[in-house]
Amino acid sequence: MKILAVAGSPRRGGNSDTLLEQAIDGAQSAGATVELAILSQLDVHPCSGCESCFADGRCVVEDDYQDLYDKVLEADAVMLASPVYFTNVSGWTKAFIDRFQCLWALRFVLKRPVPLPAGGKKRRAIFLASAGSPSTRFDCTLSTVRAMFSTIDATWVGSVCVNNIDQRGSVAEHPDILAQARELGARLVSASGES
């Protein structure tokens with residue numbers, strides 16, 4: 001199984017990165033091959049709303065998104081991780097998500113299916129998030145991420161979202177949460193549906 005893991009934090013070694021690392025370990029222990037993409041190290045512009053993708057379902061903006069687009073479509077599964085800023089994903093993550101407007105256009109304007117990965121099975125997806133405030137709810141964040149996964153026609157396998165975790169790497173002090181992320185990564189490899 002081929003997995004694309006997408007890190008949406010600008011802070012390397014932070015809490016969402018740590019959760020993603022655990023999920024990657026879990027997936028690899030279950031036999032998957034995982035490629036990591038770090039959004040803050042790539043040049044991914046926001047969607048410009050030009051609607052050129054309405055012609056063929058492909059974005060015309062030439063930047064690093066083009067490579068990510070291909071990697072997402074080639075992957076059997078996608079892991080996405082982001083810190084939560086103002087109740088939603090980071091700006092890097094949101095730019096990445098918004099650029100999938102082209103696949104929204106493919107499905108809903110051009111009425112064509114999103115291509116399946118090489119194995120011919122529907123791709124799967126998980127999400128990992130961390131937030132500093134103890135009062136953070138993840139409704140808005142999850143709604144955004146689930147909409148993106150729905151647009152790329154991926155089956156939602158699950159999420160690990162943890163609040164009240166702010167200092168860099170402090171999630172590592174919570175072995176139960178790390179175990180949840182690792183188990184979710186392993187389940188991504190074997191799961192057949194939503195949980």
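Not measured: the values here are computed from a predicted model.

Rules of the game
Residues numbered from 1 in each chain as written. Predicted model: local features only at pLDDT ≥ 70, side-chain atom pairs only at ≥ 80, totals over all residues. Heavy atoms only, no water. Helix = DSSP H or I, 4+ residues; strand = E, 2+ residues; numbered from the N terminus. Rg over C-alpha atoms; globule rule 2.2 N^0.38 Å. Buried < 20%, exposed > 50% of the residue type's maximum accessible area, 1.4 Å probe, protein only. Lys, Arg positive; Asp, Glu negative; His and termini not counted. Charge placed at Lys NZ, Arg CZ, Asp CG, Glu CD. Disulfide = S-S within 2.5 Å. Patch = residues over 30% accessible without salt bridge, like charges linked within 9 Å, V, L, I, M, F, W, Y side chains within 5 Å. Areas by Shrake-Rupley, 256 points an atom, 1.4 Å probe, with all protein chains shown as cover. Salt bridge = Lys/Arg side-chain N within 4 Å of Asp/Glu carboxyl O. Core = buried A, V, L, I, M, F, W, Y, C linked by side-chain atoms within 4.5 Å. Pairing = 2+ DSSP bridges. Right-handed = clockwise from strand over helix to strand, strands pointing away.

Novice: Just checking my understanding: could you explain the overall build of the protein for this structure?
Specialist: Along the protein, the regular secondary structure elements total six helices and six strands. For the protein, the sequential pattern of α-helices and β-strands runs β-α-β-α-β-β-α-α-β-α-β-α. A globule of 195 residues ought to have a C-alpha radius of gyration of about 16 Å, and the protein, at 16 Å, matches this closely. Referenced to the eigenvectors of the C-alpha coordinate spread, the extents of the protein come out at roughly 50 × 35 × 25 Å. By the burial criterion, 49% of the 195 residues in the protein qualify as buried. Taking the average location of the 19 positive side-chain charges in the protein and that of its 22 negative ones, the two points are 5 Å from each other.

Novice: I'm lost on the state of the cysteines in this one. Help?
Specialist: Each disulfide consists of a covalent bond between the sulfur atoms of two cysteine residues. A complete count under the given rule lists zero disulfides for this structure. Counting only cysteine sulfurs, cysteine 59 is the nearest neighbor of cysteine 102, a cysteine outside any disulfide, at a range of 5.6 Å. This cysteine, cysteine 161, is not joined by any disulfide, and cysteine 140 carries the nearest cysteine sulfur, 12 Å off. The class of cysteine 161 is partly exposed, set by a relative accessible area of 26%.

Novice: Any chance you could explain a nonpolar patch on the surface here in plain terms?
Specialist: A cluster of nonpolar side chains, Tyr85, Phe86 and Trp92, forms an exposed patch at the surface whose accessible area comes to about 410 Å². Checked against the element boundaries, tryptophan 92 lands in helix α3 (residues 91–98). A residue is classified by how much of its surface remains accessible, and tryptophan 92, at 38% relative accessible area, is partly exposed.

Novice: Got a minute to help me understand unusual backbone geometry in this structure?
Specialist: Peptide bonds are trans in most cases, and residues, glycine excluded, mostly fall at negative phi. A positive phi angle, close to 65°, is found at glutamate 51, a residue other than glycine. In this model, aspartate 153 sits at a positive phi of 60°, which is unusual for a non-glycine residue. In this fold, aspartate 153 is placed in the loop between α5 (139–151) and β6 (155–162). We classify aspartate 153 as partly exposed; its relative accessible area is 25%.

Novice: Would you take a moment to explain the nonpolar core for this structure?
Specialist: Side chains of nonpolar character tend, in soluble globular proteins, to be buried together. Ranked by size, the top nonpolar core spans 36 residues in total, and within it Phe96, Leu103, Phe149 and Ile152 carry the most contacts. Put simply, the parts of the chain that give this core at least two residues each are β1 (2–7), α2 (65–74), β3 (77–85), α3, α4 (101–108), β5 (124–130) and α5. For this core, the element with the most residues is α2, which contributes five residues.

Novice: Whenever I open this one, the pairing of β5 confuses me. Can you help?
Specialist: β5 sits mainly inside the fold: seven of its seven residues count as buried. On β5, burial covers both faces: Arg124, Ile126, Leu128 and Ser130 on one face and Ala125, Phe127 and Ala129 on the other are all buried. When β3 meets β5, the two strands line up parallel, connected through seven bridges. Following the sheet pairing, serine 82 is matched in β5 by alanine 129. Looking at chain direction, β5 and β6 are connected through seven bridges and run parallel. Within β6, the position partnered with isoleucine 126 by the bridge is glycine 158. For the crossover from β5 across α5 to β6, the handedness is right-handed.

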